[in-house]
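# What the coordinates show
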Amino acid sequence: MSADPTSAKLICLETAPVQQFVASIFRAAGWNAADSKVATDCLIGSDRAGHASHGIGLIPMYVDTIKSGCLKPEWTAQTIKDDGPFVVINGRRSLGQVGARDATLKGIATARQHGIALVNLIDSHHVGRIGHYGEMVAREGFVGMFWVNVHGRKPTVVPFGAREPRFSTNPHCVAIPRRGADPFLLDFATAEMAVNKARVAFAKGEKVRHGTLLDHQGRPTDDPGVLWANPRGSIATFGLHKGSGLAIVCELMSAVLAGGPLVADQDEAGAILNNMTALVIDPRRMAVGDEPIEAATDRMVEWVKSAAAADGVDAVLTPGEPEQINRARLGSRIEIDPATWSDICKAAAKMGVSDVPRAI
Ligand code: NAD
């Protein structure tokens, strides 16, 4: 297990007490033990996968949303269409990790029955790391594709060729099962950087790659602070016109398909909201050859990894591997930057939770 070069700056905690601590914040807000655990596991799973942007560092924002009355435990998702492979669930702005978990389980059950499922969770509170749901699908032997938009707040991401934001970090995810290994998992924001990764960089006092972010006049910068400045800056899409196009596809697939809210429809909901469309495919219903998809995926992954590494690169990785490597490196622990941990503890105190786990 190699040491993370940034870990010297980070606080290290055992996962189990942090799980209890975070779950007790949701409990204190009024969610039951099961739903509190679902939300907590998704957040901590993101930290453990190496995506602190969608980990427990979101707790202060969630607590502010709860305190302002824009996220309530009594709000629940409701299925509004269940028509063979087509399912639409109205999240009704309820706790996103619970709605997205239920939508994903419904997708798996529906694909088991029909061979394919198209499930659209609309107008949910923030669902967190999309790869969490991709992993659920692939671990059951199904292929999952996800398109997600972000609405409920002003757009943050600038379309290709523009200097004003028109949509958000709209993530896309593809998960494919492997044999005896964690799934192939491509899961990314269609922006150069997730907003919450800029938040983590800002909290750590770090710069970002020049041009990832734009100041309020659309000029490229390396300063994550532009996203918290007034007037506010914005984020570039990844991959020039191609990433910009995929960001719009995420909007269309998650919002337009079933009639969920577009980013253009509401920008002052007081909460980060998502629509999430999941396409779940049973590969056994599709295959005409004898080789199971897991074996063929392994072969393709090995083929890609057999390419000679570029100068300065230790090993060619495939999507899903960085997350596996991070989990293995952490063992039973998680790491968090001190500023974010301090904000989480303050947010917990606002909810009357004071039993703060000790750093190792
Ligand atoms: P990222 O830029 O770190 O990219 C992650 C993807 O790239 C993963 O699939 C990973 O396995 C792969 N990857 C990373 N390094 C690799 C390498 N060297 N070789 C091969 N593959 C590699 O991710 P991101 O864009 O910062 O997104 C982070 C998270 O934020 C995602 O989990 C996403 O779902 C989440 N997100 C959620 C929302 C929301 O509103 N719910 C919005 C935006 C992003």
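Above this text is the structure in question.
Cut-offs applied
- Residues numbered from 1 in each chain as written.
- Predicted model: local features only at pLDDT ≥ 70, side-chain atom pairs only at ≥ 80, totals over all residues.
- Heavy atoms only, no water.
- Helix = DSSP H or I, 4+ residues; strand = E, 2+ residues; numbered from the N terminus.
- Rg over C-alpha atoms; globule rule 2.2 N^0.38 Å.
- Buried < 20%, exposed > 50% of the residue type's maximum accessible area, 1.4 Å probe, protein only.
- Contact = heavy atoms within 4.5 Å.
- Pairing = 2+ DSSP bridges.
- Axes fitted to C-alpha atoms, helices over the stretch in contact; angles between N-to-C directions.
- Near = heavy atom within 4 Å.
- Polar contact = N/O pair within 3.5 Å; in protein donor to acceptor, adjacent residues only side chain to side chain.
- Areas by Shrake-Rupley, 256 points an atom, 1.4 Å probe, with all protein chains shown as cover.
- Nonpolar A, V, L, I, M, F, W, Y, C, P; charged D, E, K, R; others polar.
- Core = buried A, V, L, I, M, F, W, Y, C linked by side-chain atoms within 4.5 Å.
- Phe/Tyr/Trp six-rings, centres within 6.5 Å; stacked < 30°, edge-to-face > 60°.
- Lys NZ or Arg CZ within 6 Å of the ring centre and 35° of its normal.
- 1 Å grid on protein atoms, 1.4 Å probe; cavity = no way out; pocket = protein on both sides within 12 Å on 5 of 7 lines; lining within 4 Å.
- Points joined across faces, edges and corners; volume = space filled by probe spheres on them.

Another aspect to go through is the overall build of the protein chain. What the protein chain contains, in helices and strands, is eleven helices and 13 strands. The C-alpha radius of gyration of the protein chain comes to 20 Å, within 12% of the 21 Å expected for a compact globule of 360 residues. Expressed along its principal axes, the backbone C-alpha trace of the protein chain runs to roughly 55 × 55 × 45 Å. Per-residue burial over the protein chain gives 50% buried out of 360 residues. Within the protein chain, contacts between residues at least 6 apart in sequence are counted, and of these 70% link residues at least 24 apart.

Note on placement: Leu10 falls in the segment before β1 (11-14). Overall, Leu10 belongs to the buried group, its relative accessible area being 18%. The spacing of Leu10 and Glu335 is 325 residues in sequence and 5.9 Å in space, taken between C-alpha atoms.

Time to look at the sheet that holds strand β8 (residues 184-189). Pairing in this open sheet of seven strands is mixed, and the strands run β2-β3-β4-β12-β5-β7-β8 from one edge to the other. One side of each edge strand has no neighbouring strand; the edge strands of this open sheet are β2 (78-83) and β8. With direction set aside, neighbouring strand axes in the sheet form an average angle of 10 degrees. One ladder, built from five bridges, connects strand β3 (residues 86-90) with strand β4 (residues 116-125); its direction is parallel.

So, about the sheet that holds strand β6 (residues 157-158). Ordered by their spatial adjacency, four strands build an open sheet running β6-β11-β9-β10, and the pairing between neighbours is mixed. Edge strands, defined here as strands with exactly one partner in the open sheet, are β6 and β10 (220-221). Looking at chain direction, β6 and strand β11 (residues 234-236) are connected through two bridges and run parallel. In the strand pairing of β11, Val158 is matched with Ala236.

Taken together, 22 residues form the shell around the ligand, and within it Leu185, Asp187, Ala189, Lys197 and Glu323 come nearest. Contact distances for the ligand include 3.0 Å between an oxygen atom and a side-chain N or O atom of Asn274. Protein chains shield 79% of the accessible area of the ligand, which is 860 Å² for the free molecule. Examining the composition of the shell around the ligand, we find that five residues originate from one element, β8, more than from any other. Residues that form the shell around the ligand fall into these classes: ten nonpolar, eight polar and four charged.

Phe21, Ile25, Phe26, Ile56, Ile59 and Trp341 are the most contacted members of the largest nonpolar core, which has 31 residues in total. Elements with a minimum of two residues in this core: β1, α1 (15-29), α2 (33-48), α3 (59-67), β13 (333-336) and α11 (338-350). Element by element, the count of residues in this core is highest for α1, at six residues. Listed in part, the 25 residues of the second largest apolar core include Val87, Ala100, Ala138 and Phe142.

Here we take up the packing of aromatic side chains. Under the criterion given, the structure shown has four aromatic pairs. Look at Phe202 and Trp228: their rings are 5.3 Å apart centre to centre, the planes differ by 10 degrees, and that puts the pair in the stacked class. Linking Phe202 in helix α6 (residues 195-204) with Trp228 in the loop between β10 and β11, this pair joins segments that are 26 residues apart in sequence. Using a relative accessible area of 42% as the deciding quantity, one classes Phe202 as partly exposed. A cation over an aromatic ring shows up here: Arg284 above the ring of Phe142, its NZ or CZ 5.2 Å from the ring centre.

Summed over the entire model, instances satisfying the criterion amount to one cavity of 30 Å³ or more. Taken as a whole, the largest cavity spans an internal volume of roughly 30 Å³. If you go around the largest cavity, the residues you meet are Glu135, Asp182, Pro183, Leu185, Gly320, Glu323, Gln324 and Arg327. Of the residues forming the lining of the largest cavity, the biggest block, three residues, is contributed by helix α10 (residues 321-330). Of the residues contributing to the lining of the largest cavity, the split by class is two nonpolar, two polar and four charged.

The calculated volume of the largest pocket comes to roughly 590 Å³. If you go around the largest pocket, you meet 21 residues; those closest to its centre are Met61, Arg153, Asn196, Arg199 and Trp228. Those elements that place two or more of their residues in the lining of the largest pocket are α3, α6 and α11. Tallied by class, residues from the lining of the largest pocket come to ten nonpolar, four polar and seven charged.

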